[in-house]
Amino acid sequence: MNMTETSALKYESILNRRETEKAIDLIKTNFPVLMAKRLNLFKVSCPLAIIDGTGINDDLNGVERPVGFPIKNQDDARAVVVQSLAKWKRWQLAELEVAPGEGIFTDMRALRPDEDYSPLHSLYVDQWDWEKRIPAEERTLSSLKNTVNAIYDTYKDIEKMVYDQFEDITPVLPDEITFIHSEELVQQYPDLSPKEREYEACKAYGAIFLIGIGSILSNGEKHDGRAPDYDDWCSENEDGFKGLNGDILVWNPVLENCFELSSMGIRVDAPTLERQLKIAGEEKRKELFFHKKLLQGDLPESIGGGIGQSRTCMFLLRKRHIGEVQSGIWPKEEVEKCLQEGIKLMK
């Protein structure tokens, strides 16, 4: 079976709709509580939309268009719906005078109109967005790994919690997550595409943290794109590779494929921001509000990331389509295709 195929048998959800709603509430109530305890985070409010042109909205891979709209009685001001809160959170660490070793998390809701419809993607994005202040000396790979392990342990706890209430959903996560650098995968699978390399690694280990996403690898290509102004993907780490960021990827037994749950990383300091903006050809961003504050030393060093809420529910509840755990807007063709496969999307 290749990386894009799934079982030919018609799918049947383990949980009915009512049980699914109960299980979603269980996950969304308990996951952030356990994560916040492990990482020393407290909850904050967050915006749905912000003023355009400040540099605070996340550019993701640098090509996605945010949803924008004019604001009544505010001259020519234009707002944009957030795509994520990567830079906003770091700004808030400064605004809230958060101490080193402490951080924040929030329920992020976003719209990403350029997402391709698929069983894994919709226009609507919900994440536990978190950011933690760290001392400069903790901008290290070992610090990143410790944080990943804390989040992974939270997944293990919630998976057991789901099993305790819904015994037909048996745990599948391995005891430990495996750390692999994207350059190591290039060396191991030189003839495969990035997604094919992820597939092989996830299938072999069950759960991996793929380090170093955004920099050019030895084959002359990036594993995947990353914006230049939040994660540090160009600094050399203790293992001799580039990057202090990565993704939590697990093997999904329902999709029989690799499945991303979270993206996170040590954030850029001022020198790294300068380097990455130059590499990306985006030095003009230095004149934006967020970038000025960072370059002037007004923002703290931090580590942060986003954890997909619907993605987490989809994986832990063994669902085949993200539309089974969130209401969304789907093309007629997608709805009909899902019905033929035994998938009932939320309305």
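These remarks concern the structure in this document. Nothing here was measured: the structure is a model prediction, and the numbers come from that model. (Residues numbered from 1 in each chain as written. Predicted model: local features only at pLDDT ≥ 70, side-chain atom pairs only at ≥ 80, totals over all residues. Heavy atoms only, no water.)

So, the overall build of the protein chain
Each helix and strand in the protein chain was counted, giving 9 helices and 11 strands. Here the C-alpha radius of gyration of the protein chain, 20 Å, is about what a compact globule of 347 residues would show, namely 20 Å. Expressed as lengths along the three principal axes of its C-alpha atoms, the size of the protein chain is roughly 55 × 55 × 35 Å. Among the 347 residues that make up the protein chain, the fraction classed as buried is 51%. Contacts in the protein chain between residues far apart in sequence, at least 24 positions, make up 73% of those at least 6 positions apart. Surface accessibility of the protein chain: about 16,200 Å² in total, with carbon and sulfur atoms responsible for 48%. (Helix = DSSP H or I, 4+ residues; strand = E, 2+ residues; numbered from the N terminus. Rg over C-alpha atoms; globule rule 2.2 N^0.38 Å. Buried < 20%, exposed > 50% of the residue type's maximum accessible area, 1.4 Å probe, protein only. Contact = heavy atoms within 4.5 Å. Areas by Shrake-Rupley, 256 points an atom, 1.4 Å probe, with all protein chains shown as cover.)

Quick notes on the pattern of salt bridges
The tally for this structure, following the rule as stated, stands at 23 salt bridges. Close ionic contact of Asp164 with Lys160 constitutes a salt bridge, the shortest N to O distance being 3.2 Å. In this pair, Asp164 and Lys160 are both assigned in helix α3 (residues 141-165), 4 residues apart and thus about one turn of the helix distant. Of the two residues examined, Asp164 and Lys160, each falls in the exposed class. Within this structure, Lys87, Asp229, Glu282, Lys284 and Arg285 form a network of salt bridges that share partners. (Salt bridge = Lys/Arg side-chain N within 4 Å of Asp/Glu carboxyl O.)

Brief notes about the nonpolar core
Grouped together as the largest cluster of nonpolar side chains are 54 residues, with contacts concentrated most on Met35 and Trp130. Sorting the residues of this core by element identifies α1 (17-39), β6 (124-133), α3, β8 (207-211), β9 (245-252), β10 (257-266), β11 (302-308) and α8 (309-316) as the ones contributing at least two each. Take this core: its biggest share by element is 9 residues, from α3. Core analysis: the second largest hydrophobic core is formed by 19 residues, Ile56, Trp88, Val98 and Leu277 among them. (Core = buried A, V, L, I, M, F, W, Y, C linked by side-chain atoms within 4.5 Å.)

Concerning the sheet that holds strand β5 (residues 103-111)
Ordered in space as β1-β5-β6-β11-β10-β9-β8-β7, the 8 strands form an open sheet in which the pairing is mixed. A single partner strand is all that each edge strand has here, and the edge strands are β1 (41-43) and β7 (178-181). The mean inter-strand angle of the sheet, taken between neighbouring strand axes irrespective of direction, is 30°. Here β9 runs beside β10; their pairing, made up of 8 bridges, is antiparallel. Bridging across to β10, Leu249 finds its partner in Glu260. On the sheet, α1 packs against β1, β5, β6 and β11 and is oriented at approximately 15° with respect to β6. With respect to the sheet, helix α5 (residues 194-205) is in contact with β7, β8, β9 and β10, its orientation differing from that of β9 by roughly 65°. (Pairing = 2+ DSSP bridges. Axes fitted to C-alpha atoms, helices over the stretch in contact; angles between N-to-C directions.)

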